[in-house]
Structures are given as structure tokens and as C-alpha cells.
Amino acid sequence: MLRTSWYTGRWRSTQPGRQTHNMKRTITALLCLALVAHGAIRVPLRRFTTLRAELRAAKKLVAFLQEHRADIFARKYAHCFPQGHSPRPHHGVEKLYNFMDAQYYGEISLGSPGQNFTVVFDTGSADLWVPSSYCVSQACGTHHRFKAFESSSYQHDGRVFSIHYGSGHLLGVMAKDVLQVGGISVKNQQFGESVYEPGFAFVLGRFDGVLGLGYPSLAEEAGAPVFDSLISQKKVDKPIFSFYLSRKKNKADVEGELLLGSIDESLFTGPLHWVPVTEKAYWQIKMDNVKVQGAVTFCAQGCQAIVDTGTSLIGGPTREIKLLQEYIGATRSTLGEFLVDCSRISSLPQVTFTMGGVDHTLSPDAYVRQETVDGQLICLSGFQATDIPTHLGPMWILGDVFISEFYTVFDRGQNQVGFAPACHNTRGSP
């Protein structure tokens, strides 16, 4: 989600075209390399199968959803939390998390020498946390854990923190150490070491932790969020960062990228359109309206929206989303998901989100997710009901379904978000 005309140069693969595209080197580049040039920090993002899809394929989705509703979870695991840190049901909805549908992850390291972790880069939160070696939860046993005793630069803090998510609740202790992101070192970065991750979503999730990119006021931990540290330590030329999320299925292609400190004009077409931030916590903006097949249908008087890379789908008030599902012909399944007839995708209406007077239109191919289960194709709506009441009215959430269609730039200097149509052909070509 980076913006403007600040441009640091286009990235091109420098791997020679030996043999059959030299696949091994390409994958290695995507996993391990981050190009640093002219104050820009490139962090490759990888796309994985979602936890929901894996559970569905294993025929365990029904049992999982029944067992892990937020209210059931909070009551079941309340005894795991010290007095004063009991999880609060439904608070997680405010955190905008849906780990079951997370797809895009990147790499960081912590400590000296560096210990590697896979994280969700999330604009819907502002904290950095990874599992601790002292964590006793089942989830920690399936992920990389931070070993403080192996880091010569580790600084113990001792304060306890708790973060409440819609699909899990997390408890840990605070620390400071050297963070490496995209080949750049950040000194004395505050982060959390989780010691309790009692949600099953954390067990099966492909990520170790979360790196929040929201405003400091959103942080539940004390200390500067990572991007604020990058700014204060002058690691980036501009106080901006951008996201490119690819829809490609070819693993040889770039699957996604977070660019810290600049934008990449090769990844979008046309000018960036800017929308001011209305509340400095989430990346919250005003949306003019929502159109279905060109007709204003929702948010007719304007409403608020959050641009959130930590949410995969597009969320909105229950009443509006229920009607929208009807307009696109989606029917509710026994699991609470909305299914679309795959044979009718081409005839479904376009859905347009208007911001700053500019239409941002999603085709049916963009908002319908396709999965294959037991050799059969199923199609799912990319819209979900998410009720977040605020003093400015009901909130919409523009998650990865939207961001994968529009290169998105987050500008802390001017407090604005920029959008432009993303390129989904060969990298660097419109």
C-alpha cells in the first residue's frame, strides 16, 4: 500500500534463464531475498492455501467452527489468563482478524544472530509478536519460537501483554531486540513474546506471528510500532509503504510484495488516487458509496471503511452484506459461508467501491473465491458480515479481496491512502 510519484526503480529478476527457467533459484529469491535500493525496503510475500481451505479439504471445518466460536473459546480458556487479563468475547471483532482466511506472509528475523519468523504484515493492528521458547501452548510447538538466551542483543522487559483476536487470544511478555526486515536492521525494537496461544487457528496457521502496520494509537503493547521505528531511525526515505498482492497461481511469479519507504510504478497502471485518513488508528477512510452494477446500493450518504491487509475478505454491516449476497446470487451454507454457482460467475454484477470521487470496481472473478474439494470446484463469496459500530457510523473493511485488485499505498506523512489498478500480467507490464 504505497503511493505517489516517489519511485525507487523497477525490480527485475536478475536470475539467468538457464535450463527450465531455473526454478530453484527463482523460488530461493522469492523466499530469501529482499532488494534494498534508494531507501526502499522490499519484502517478498508468499501466498499459501488458507486454513479454511485446508480444514475443508480434511473434512474438519464443521467441527472446527463449532468448537472455536469466539464466545465458546473465551469461556473455555478463561482460566489460562492471569487475573486482569481475561479474554473478552467479541473484542476480537474490533481487531479485524480472520486468521482462517489469511494467505499472504513474509519473513523477518529477531535477535543477534537473527532468528527467522514468518509473519502476517497487518495494517489492522500495530503490535509485533512472535512465539516465545517458553510458550507451553500447542500452537507454539508447531512454529518457530524466539530463544532469548541465544541473542546477545536481547533486552528483557518483564511487562505482560494480552491481545484479543476474533479467532484466538494471546498472552505474553515484552522484550526488545534487533529486528531485521527486508535486509534492514532496526535496533531496540519493542516486541511481544507470546507464552499462551490457546486457539486452534494458531496451531494450523502457516504464520509464526504478526507485524502490525497500523497507527501507534492502535498498539496494545508499549513502545513504537515497527514502521515508526523505521522512520525514527531513518531507515526509509519517505514515511510510506505499499502492498502488492498477486492473484497469480503460477509459483514462479511474484506472489506479493510489501515495499517500505517507496512505491513501485511497475506494479500498477494509471495515477494513484488519494483518500484522506479520517481516524489515526486503523487506516480508516471515508467511502462515498457502494454500487452494484453501477447503481448506488449501499452507503448512499457516505460511510467509513478500513483498509486492512490482515483481513482477507471484504466486510460490511450485516444488513448490507446480506442484501449484497442476494444481489450476487450467493446462498448460505450450513457452515455460515455463502456459496455462488460457479457456472454463473460471468453473469454476476460488478461491485464498485467509490472513494474520493473515484470508482474502484471489482469484477465477479475478483470477489468470488474458488476452491477445489475432492476434485469438485466450489465458489465462495468474498464478502462477509462484520459489524463494527463507531461514532462515525457502521464500518466496512477492505481486505485482501480488494487490495489484490488495487495497488495500495499507506502514507503516514500525509495521512492518506492511495489506490491504483494493480498489474496482474508479467511483472512490470500493464
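Residues numbered from 1 in each chain as written. Predicted model: local features only at pLDDT ≥ 70, side-chain atom pairs only at ≥ 80, totals over all residues. Heavy atoms only, no water.

In plain terms, the rule: UniProt positions are given in the numbering used here, feature names are shortened, and annotations may be inferred rather than shown by experiment.
Labelled according to an unreviewed UniProt entry, the chain appears under the name Nothepsin, originating from Paramormyrops kingsleyae. According to the UniProt record, the Sequence similarities (unreviewed entry) comment for the chain is "Belongs to the peptidase A1 family."

## Observations regarding the state of the cysteines
As used in these notes, a disulfide is a covalent bond between sulfur atoms, one from each of two cysteines. We apply this condition: Note that a disulfide, as used here, is simply two cysteine sulfur atoms within 2.5 Å. Burial status follows relative accessibility: with a 1.4 Å probe on protein chains alone, a residue under 20% of its type maximum counts as buried, one over 50% as exposed, and anything between as partly exposed. Runs of H or I in DSSP of at least four residues are treated as helices and runs of E of at least two as strands, each being numbered from the N terminus.
Following the criterion strictly, the structure yields three disulfides and no others. One disulfide bridge connects C299 with C303, the sulfur atoms lying 2.1 Å from each other. Residues C299 and C303 are joined by a disulfide whose S-S torsion is about -110 degrees; by sign, that bridge is left-handed. Exposure class is identical for C299 and C303. Each is buried. Here C342 engages in a disulfide with C379; their sulfurs sit 2.1 Å apart. Its torsion about the S-S bond being 120 degrees, the disulfide of C342 and C379 is classed as right-handed. One end of the pair, C342, is in the loop between β20 (338-340) and β21 (351-355); the other, C379, is in strand β24 (residues 376-381), and 37 residues separate them in sequence. Owing to a relative accessible area of 25%, C342 belongs among the partly exposed residues under this scheme.

## Regarding the packing of aromatic side chains
The description of two aromatic rings rests on the distance between their centres and on the angle between their planes. Where we set the bar: Planes of paired rings set the category: under 30 degrees apart is stacked, over 60 is edge-to-face and the rest tilted, where pairs are Phe, Tyr or Trp rings (Trp by its six-membered ring) whose centres lie within 6.5 Å.
Tallied over the full model, the rule gives 19 aromatic pairs. The interplanar angle of 80 degrees and the centroid separation of 6.3 Å between the aromatic rings of F241 and F243 together place this pair among those described as edge-to-face. The pair formed by F241 and F243 is uniform in burial state, with each residue classed as buried. Both rings, one in F353 and one in W396, keep their centres 6.2 Å apart while their planes meet at 70 degrees; by these two values the pair is edge-to-face. Placement of F353 in strand β21 and of W396 in strand β26 (residues 395-398) is noted, with a sequence separation of 43 residues between them. There is no split in this pair, since F353 and W396 are both buried.

## A few points about the pairing of β26
Heads up, the rule is: DSSP calls a pair of strands paired once it identifies at least 2 bridges connecting them.
Burial along β26 is two-sided: M395 and I397 facing one way and W396 and L398 facing the other are all buried. Two elements, strand β17 (residues 303-307) and β26, share four bridges in a ladder whose sense is parallel. When the bridges of β26 are listed, A305 appears paired with W396. Direction of pairing for strand β18 (residues 314-316) relative to β26: antiparallel, over a ladder of two bridges. Each residue of the ladder has a partner; that of I314, found in β26, is L398.

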